[in-house]
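Residue-level listing of the chains:
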Amino acid sequence: MSLVRRAEPEDAAEVLRLRQVMIDSVHGTDPSTDWHAVSLPVLKVRLAEQDGDFAAFVVDHPEQPGALASLAAGTLEYRIGRADNPRGRVGYVFSVATDPDARRHGYARACMESLLDWFRERGAAHVDLNASAEAAPLYADLGFVRKPDPSMRLRL
């Protein structure tokens, strides 16, 4: 049985908390969480849309009931087709985070694998993401390759 599950509206506050963990570690910008109050109701609606263009996959924290250990979230986008992607379906991963006390258990990898399966099922030709130096080895191991800019791409 997989530890990974699709996030539900009840997970929204924890999804935002883990997104803040990622933002703080990657961007080192304003640590304010005031924006969570505005984002929370929108995120709850998006998490309820099981057939939409957004998905988040999570692992429950094994030692903290009600908390999440890890998150991978992304969107499926349409771009006008081209030779290597005539349908124009592109996946974009924009948030991967693991609670600091739950790292090195494979949770982020498991969440990413579920998200990549979701993209494949929906016909994405490739998936893009931006990677921190710390996370790049995980993404490379999943098949992502460096592009000339900081983005990475996995051909599906």
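Above this note sits the structure.
What you see is a predicted model, and the numbers here were worked out from it, not measured in a lab.

*Asks:* Sorry, what's going on with the overall build of the chain here?
*Replies:* Helix and strand counts for the chain stand at four helices and seven strands. Each helix and strand of the chain, ordered N terminal to C terminal, gives the series β-α-α-β-β-β-α-β-α-β-β. Over its C-alpha atoms the chain spans a radius of gyration of 15 Å, differing by no more than 12% from the 15 Å that the globule rule assigns to 156 residues. For the chain, the C-alpha atoms occupy an extent of roughly 45 × 40 × 30 Å along the three principal directions. Relative to its 156 residues, the chain shows a buried fraction of 44%.

*Asks:* What exactly am I supposed to notice about the side chain of His126 here?
*Replies:* With respect to the helices and strands, the residue His126 is situated in strand E5 (residues 126–130). Reaching out from His126, the side chain makes a polar contact with the side chain of Arg153 at a distance of 3.0 Å. Beyond its immediate sequence surroundings of up to four residues, His126 is in contact with Arg82, Asn85, Arg89, Val90, Gly91, Arg153, Leu154, Arg155 and Leu156.

*Asks:* Please explain the side chain of Asp128 as it appears in this structure.
*Replies:* Along the chain, the position of Asp128 falls in strand E5. Assessed through its relative accessible area of 5%, Asp128 is described here as buried. With sequence-adjacent residues up to four places away left out, Asp128 is seen in contact with Arg79, Val90, Gly91, Tyr92, Val93, Lys147, Met152 and Arg153.

*Asks:* Just to check I follow, could you spell out helix H3 (residues 107–121) for this structure?
*Replies:* Helical geometry note: an α-helix holds 3.6 residues per turn, so side chains three or four residues apart project in the same direction. With 15 residues, H3 should cover 21 Å at 1.5 Å per step; its first-to-last C-alpha distance of 21 Å lies within 8% of that length. Turning to H3, its buried residues are Tyr107, Ala108, Cys111, Met112, Leu115, Leu116, Trp118 and Phe119. Along the long axis of H3, the arc covered by the buried residues comes to 165 degrees, so they all point the same way. Backbone geometry just downstream of H3 places Gly123 in the positive-phi region, at approximately 85 degrees.

*Asks:* Any chance you could explain the sheet that holds strand E7 (residues 151–155) here in plain terms?
*Replies:* To summarise the sheet geometry, strands pair through backbone hydrogen bonds and adopt either a parallel or an antiparallel arrangement. With mixed pairing, the seven strands of this open sheet are ordered in space as E1-E2-E3-E4-E5-E7-E6. Every interior strand has two partners, whereas the edge strands, strand E1 (4–6) and strand E6 (145–146), have only one. Here nine bridges tie strand E3 (residues 68–78) to strand E4 (residues 89–98), and the two strands are oriented antiparallel to one another. Within E4, the position partnered with Ser70 by the bridge is Thr98. Here H3 sits on the sheet in contact with E1, strand E2 (54–60), E3, E4, E5 and E7, set at roughly 25 degrees to E3.

*Asks:* Could you clarify how one ought to interpret the packing of aromatic side chains in this entry?
*Replies:* Two aromatic rings, taken as a pair, are described by how far apart their centres are and by the angle between their planes. In total, this model carries three aromatic pairs according to the counting rule given. Between Phe54 and Phe94, the ring centres sit 6.1 Å apart and the planes meet at 20 degrees, which makes this aromatic pair stacked. Residue Phe54 is found in strand E2, and its partner Phe94 is found in strand E4; the two are separated by 40 residues along the sequence. The exposure class assigned to Phe94 is partly exposed, which follows from its relative accessible area of 28%.

The rules behind each value
- Residues numbered from 1 in each chain as written.
- Predicted model: local features only at pLDDT ≥ 70, side-chain atom pairs only at ≥ 80, totals over all residues.
- Heavy atoms only, no water.
- Helix = DSSP H or I, 4+ residues; strand = E, 2+ residues; numbered from the N terminus.
- Rg over C-alpha atoms; globule rule 2.2 N^0.38 Å.
- Buried < 20%, exposed > 50% of the residue type's maximum accessible area, 1.4 Å probe, protein only.
- Polar contact = N/O pair within 3.5 Å; in protein donor to acceptor, adjacent residues only side chain to side chain.
- Contact = heavy atoms within 4.5 Å.
- Expected span 1.5 Å × (residues − 1).
- Arc of directions from axis to C-beta.
- Pairing = 2+ DSSP bridges.
- Axes fitted to C-alpha atoms, helices over the stretch in contact; angles between N-to-C directions.
- Phe/Tyr/Trp six-rings, centres within 6.5 Å; stacked < 30°, edge-to-face > 60°.

None of this, on its own, says anything about what the molecule does.
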